[in-house]
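Single-letter residue listing:
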Amino acid sequence: MPFSVKDFNNILKRINENDASLKSIDFSVDIKIATYTQPESLPIFSRYPDGFKDFLSAMGNNTVVTAINLSNNFLGDYYIQSLSELIEVNGSLITISLMNCNIGRDGARALATALRTNRSIKSITLGSNDIGDEDAMAFAEMLKINTALTSIDLSDNEIGHEGAIALAEMLQNNGVLTSINLDRNDIEGIGLAALSKALTINTALRFFSLNRIHYHYDIPIGGDYERINKKRASWKTACVALTEALRINMTLTSINFADNGTSFDLFAALRNNTALAA
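Residues numbered from 1 in each chain as written. Predicted model: local features only at pLDDT ≥ 70, side-chain atom pairs only at ≥ 80, totals over all residues. Heavy atoms only, no water.

Q: Now, about the sheet that holds strand E2 (residues 67-69): what can you tell me, with residues and values included?
A: The sheet built from eight strands is open, its strands ordered E1-E2-E3-E4-E5-E6-E7-E8 with parallel pairing. Strand pairing shows two members of the sheet lacking a second neighbour, strand E1 (24-26) and strand E8 (254-256), which therefore form its edges. Shown here is a sheet whose adjacent strand axes are inclined to one another by a mean of 5 degrees, direction ignored. As defined by bridge partners, E2 adjoins strand E3 (residues 95-97) across three bridges and the pair is classed as parallel. Its bridge partner being in E3, Ile 68 is matched across the sheet by Ile 96. (Pairing = 2+ DSSP bridges. Helix = DSSP H or I, 4+ residues; strand = E, 2+ residues; numbered from the N terminus. Axes fitted to C-alpha atoms, helices over the stretch in contact; angles between N-to-C directions.)

Here it is in structure tokens:
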């Protein structure tokens, strides 16, 4: 939401004073309206050079704020690492949104490390960043230890089948996480097969989003027919595994599987499933 530096300083003052009425902080940016002709629509941290440092300093003394939205601020790894230090010791935050914050390897690893010890945050949104396979593995290892997080959004990142396999292994043992979003990641058949197997074991997950995790291959002239055909076969096998998993799993209540270009009948899996609503 657009606001002036004066407004920002007033919020910092309230944070420092532990204003009991200030439970939620929204410093997110509406990228649809952000423009240099309207400076107040731009990220506050780009207009106020010491803004993020002052924000973290104020939050270090705060015990009442439960939700922070910093989406579309393009913070980068340096600021995310600083934020992670706060998360590691904070005991009041419940929800944090960091969508499209330019989080790469170092920032993702710092967050995963911080969440190993944080016991208050229940929901974290990390969509539209640069989180890859190794980072997904770090989050998977964290989720084997963390007993507070119930929702994680890793959509629109750079997670491939290796990261998906690590998350699937975690889901086989995690009894706390109820929602996970992996939309628009290049998970493909190998990753989907592993996730499907996890669904036959996991009894905690209620919401699972897997929109557009499969990219459709048109064989180009002179293209690698064998490789592409193997990918297609792997995807088809994984889809069958998913239908079987959904016949077994009776705790999942909602699954998204749109834009995957598959012809298999997902609804066939729902005939004996009385839990799924979507």
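Q: How would you explain helix H1 (residues 5-16) if you had to name every residue and give the values?
A: If you check H1, its first and last C-alpha atoms are 16 Å apart, about what twelve residues at 1.5 Å a residue would give, namely 16 Å. Two residues or fewer after H1 comes Asn 18, characterised by a positive phi angle close to 55 degrees. (Expected span 1.5 Å × (residues − 1).)

Q: Talk me through the pattern of salt bridges; I want residue IDs and the actual numbers.
A: Enumeration according to the criterion identifies nine salt bridges in this entry. Close ionic contact of Lys 144 with Glu 169 constitutes a salt bridge, the shortest N to O distance being 3.3 Å. Here Lys 144 is found in helix H6 (residues 133-145), whereas its partner Glu 169 is found in helix H7 (residues 161-171), with 25 residues between them in sequence. Using a relative accessible area of 37% as the deciding quantity, one classes Lys 144 as partly exposed. For the salt bridge of Glu 244 with Arg 247, the shortest nitrogen-to-oxygen distance reads 2.7 Å. Of this pair, Glu 244 and Arg 247 both sit in helix H9 (residues 225-248), three residues apart, roughly one helical turn. Looking at Glu 244, the relative accessible area reads 40%, which means it is partly exposed. Linked through salt bridges whose partners overlap, the residues forming this network are Arg 105, Arg 109, Glu 134 and Asp 135. (Salt bridge = Lys/Arg side-chain N within 4 Å of Asp/Glu carboxyl O. Buried < 20%, exposed > 50% of the residue type's maximum accessible area, 1.4 Å probe, protein only.)

Q: Lay out the environment of Leu 93 in plain terms, naming residues and giving numbers.
A: Note on placement: Leu 93 falls in the loop between helix H4 (76-89) and E3. For Leu 93, a relative accessible area of 0% puts it in the buried group. If sequence neighbours within four positions are ignored, Leu 93 has contacts with Met 59, Val 65, Thr 66, Ala 67, Ile 68, Ser 120 and Ile 121. (Contact = heavy atoms within 4.5 Å.)

Q: Go over the packing of aromatic side chains with me, naming the residues and quoting the values.
A: Pairs of aromatic rings are described using the distance from one ring centre to the other and the angle between the two planes. Tallied over the entire structure, the rule returns eleven aromatic pairs. Between Phe 8 and Phe 45 the ring centres are 5.9 Å apart and the planes differ by 85 degrees, which places this aromatic pair in the edge-to-face class. Here Phe 8, found in helix H1, pairs with Phe 45, found in helix H2 (residues 44-47); they are 37 residues apart in sequence, far enough to count as distant. Take Phe 8 and Phe 45: they sit in the same class, and that class is buried. (Phe/Tyr/Trp six-rings, centres within 6.5 Å; stacked < 30°, edge-to-face > 60°.)

Q: Now, about the side chain of Ser 209: what can you tell me, with residues and values included?
A: Inspection of the secondary structure assignment puts Ser 209 in strand E7 (residues 207-209). Polar contacts involving the side chain of Ser 209 include one to the side chain of Asp 183, which spans 2.7 Å. With residues near it in sequence (within four places) discarded, Ser 209 still touches Ile 180, Asn 181, Leu 182, Asp 183 and Asn 256. (Polar contact = N/O pair within 3.5 Å; in protein donor to acceptor, adjacent residues only side chain to side chain.)

Q: Would you mind going over the packing of H6 against H7 in detail, with residue names and values included?
A: Interhelical geometry of H6 versus H7 gives an angle of 5 degrees and a closest axis separation of 8 Å. Between H6 and H7, the crossing angle belongs to the class labelled roughly parallel. In contact with Asp 133, Ala 136, Met 137, Ala 140, Leu 143 and Lys 144 of H6, H7 contributes His 161, Glu 162, Gly 163, Ala 166, Leu 167, Glu 169 and Met 170. When the residues that make up the contact of H6 with H7 are grouped by side-chain class, the tally is seven nonpolar, two polar and four charged. (Parallel < 35°, antiparallel > 145°, perpendicular 65-115°, else oblique. Nonpolar A, V, L, I, M, F, W, Y, C, P; charged D, E, K, R; others polar.)

Q: Any chance you could break down the side chain of Ser 97 for me, citing the residues and the numbers?
A: Secondary-structure assignment places Ser 97 in strand E3. Among the residues examined, Ser 97 registers a relative accessible area of 14% and is labelled buried. Engagement of the side chain of Ser 97 in a polar contact is seen with the side chain of Ser 71, the distance being 2.8 Å. Apart from the residues lying within four places of it in its own chain, the contact partners of Ser 97 are Ile 68, Asn 69, Leu 70, Ser 71 and Thr 125.

Q: I'd love a proper account of the nonpolar core, names of residues and values included.
A: Counting residues in each nonpolar core, the largest one holds 77 residues, and the members touching the most others are Phe 55, Leu 70, Leu 83, Leu 98, Phe 139 and Phe 208. Ignoring any residue separated from it by four or fewer positions in sequence, one finds Phe 55 in contact with Phe 8, Leu 12, Ile 15, Ile 25, Phe 27, Phe 45, Ile 68 and Leu 70. (Core = buried A, V, L, I, M, F, W, Y, C linked by side-chain atoms within 4.5 Å.)

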